[in-house]
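# Chains, contacts and geometry: an overview
Now for the letters of each chain:
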Amino acid sequence: MNVVIVIPAFNESASVGRVVRAVARHGSVVVVDDGSTDDTVAAARDAGAVVVQHGSNRGYDQALQTGFEQADRMDAEVVVTFDADGQHDAAVLERFTGPIASGRAELVLGVRPRGARWAEVLFSGYTRWRFGVPDILCGLKGYHMSLYRAHGRFDGTNSVGTELALAGLHGGARTFLTPIPITPRTGVPRFGRAWRANIRILRAMLAALRMDLRSMLHSGNHEIIPPKWQT
């Protein structure tokens, strides 16, 4: 299958080249530079990525939206979102592409050992109760592109990277959960710091609740495939 790995990046010159080289053997790499003021663009290009640039900083969700638009132009069948900060091991990508390529799943969600903020814990508590998904905010997710084309966008609600995954769950997408290890990141967290990050996540959770209320009018079953816990 044609796999595209979308990496949003804002001032990630210290890590993005290493990340691109590590993930490139799993698919084509698209880095969306979100108005960086450092050498992120040069580092990503030198490592072999297709780079799409925003003229100014538009935020994490819009960077992912741009990445999916580029992946669509590249006729992607599977898209995996991956962070530029070096927290994820590229070896885990096989856990995301494999279930989709084999037809076992349309959506693969990473599960971290723990959430970083109290708002993440709250949001993930809701999705655990509602869908059996314990970490909706993990940045490492895999999608069959049919989900994106059916929904019509990746994100239009500043959902901190959760809108398309939630739309897939509401639509009954076959979903695979897989644990992923986390290493300390390089640079500033993508959600921002302290209370601002928690407010962003709470706003995203409210958008998810509104989506949930609308979906109750057209409820359908969803299937969560039990995770294969790997080490």
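Refer to the structure presented above.
Quick summary incoming for the structure in this document. Here the structure is a predicted model, which is why all the values come from computation and not from measurement. (Residues numbered from 1 in each chain as written. Predicted model: local features only at pLDDT ≥ 70, side-chain atom pairs only at ≥ 80, totals over all residues. Heavy atoms only, no water.)

## A closer look at unusual backbone geometry
Rules: Counting from the N terminus, the helices are DSSP H or I runs at least four residues long and the strands are E runs at least two residues long.
Unlike most non-glycine residues, Asn-11 shows phi in positive territory, near 55 degrees. If you check the backbone angles, Asp-75 has positive phi at about 60 degrees while not being a glycine. For Asp-75, the location among the structural elements is in the loop between α3 (60–73) and β4 (78–81).

## Some thoughts on helix α7 (residues 163–170)
For the record, the criterion: Classification of residues uses two cut-offs on accessible area relative to the type maximum, computed with a 1.4 Å probe and protein chains only: under 20% is buried, over 50% is exposed, and between them is partly exposed.
A large share of α7 lies buried, amounting to 8 of its 8 residues. Within the sequence span of α7, burial applies to Glu-163, Leu-164, Ala-165, Leu-166, Ala-167, Gly-168, Leu-169 and His-170. Once α7 ends, the next one or two residues include Gly-172, with phi positive near 85 degrees.

## Quick notes on the nonpolar core
Applicable threshold: As used in this record, nonpolar core signifies buried Ala, Val, Leu, Ile, Met, Phe, Trp, Tyr and Cys residues forming a set joined through side-chain atoms within 4.5 Å. The criterion used for residue contact is that any of the two residues' heavy atoms lie within 4.5 Å.
Counting 39 residues, the largest nonpolar core has Phe-68, Val-79, Leu-107, Phe-123, Ile-136, Tyr-143 and Leu-166 as its most contacted members. Secondary-structure elements contributing two or more residues to this core are β1 (3–9), β2 (28–34), α3, β5 (107–111), α5 (118–131), α6 (145–151), α7 and α8 (194–215). Apart from residues lying up to four places away in sequence, Leu-107 is in contact with Gly-142, Tyr-143, Leu-147, Ala-165, Leu-169, Ala-173, Arg-174, Thr-175 and Phe-176. Within the second largest apolar cluster, 31 residues are counted, among which are Val-19, Ala-44, Ala-84 and Cys-138.

## Quick notes on the side chain of Asp-155
Quick note on the threshold: In this charge count, Lys and Arg are treated as positive and Asp and Glu as negative; neither His nor the chain ends contribute. Only one rule defines a salt bridge in this text: a Lys or Arg side-chain nitrogen within 4 Å of an Asp or Glu carboxyl oxygen. Distance and chemistry together define a polar contact, namely a pair of N or O atoms within 3.5 Å, with one atom able to donate a hydrogen and the other to accept it when in protein, and with adjacent residues in sequence counting only for side-chain atoms on both sides.
Tracing the sequence through the fold places Asp-155 in the loop between α6 and α7. Buried and unpaired, Asp-155 has Arg-153 as its nearest opposite-charge partner, separated by 6.5 Å. Separated by 2.8 Å, the side chain of Asp-155 and the backbone nitrogen of Asn-158 make a polar contact. Non-local contacts of Asp-155, meaning those with residues more than four positions away in its chain, are made with Asp-61, Gln-62, Gln-65 and Glu-163.

## Some details on the packing of aromatic side chains
Stated precisely, the cut-off is as follows: For this analysis, a ring pair means two rings from Phe, Tyr or Trp (six-membered ring only for Trp) whose centres lie within 6.5 Å, classed as stacked if their planes differ by under 30 degrees, edge-to-face if by over 60, and tilted for the remaining angles.
The full count for this structure, using the stated rule, is 5 aromatic pairs. Ring geometry for Phe-68 and Tyr-143: centres 5.4 Å apart, planes at 85 degrees, overall edge-to-face. In this pair, Phe-68 sits in helix α3 while Tyr-143 sits in strand β6 (residues 141–144), placing the two residues 75 residues apart along the sequence. Judged by relative accessible area, which is 0%, Tyr-143 ranks as buried. Cluster of aromatic residues (ring-pair linked, three or more members): Phe-68, Tyr-143, Tyr-148 and Phe-154.

## Some words on the environment of Asp-135
Note on placement: Asp-135 falls in the loop between α5 and β6. Take Asp-135: its relative accessible area is 5%, and that puts it in the buried class. Apart from residues lying up to four places away in sequence, Asp-135 is in contact with Gly-110, Val-111, Arg-112 and Ser-124.

## Notes on the environment of Asn-57
Here Asn-57 shows up in the loop between β3 (50–54) and α3. Judged by its relative accessible area of 44%, Asn-57 is partly exposed. Residues Asn-57 and Gly-35, spaced 22 residues apart in sequence, show a C-alpha to C-alpha distance of 4.5 Å. Ignoring anything within four residues of it in the chain, the contact list for Asn-57 reads Phe-10, Asp-34 and Gly-35.

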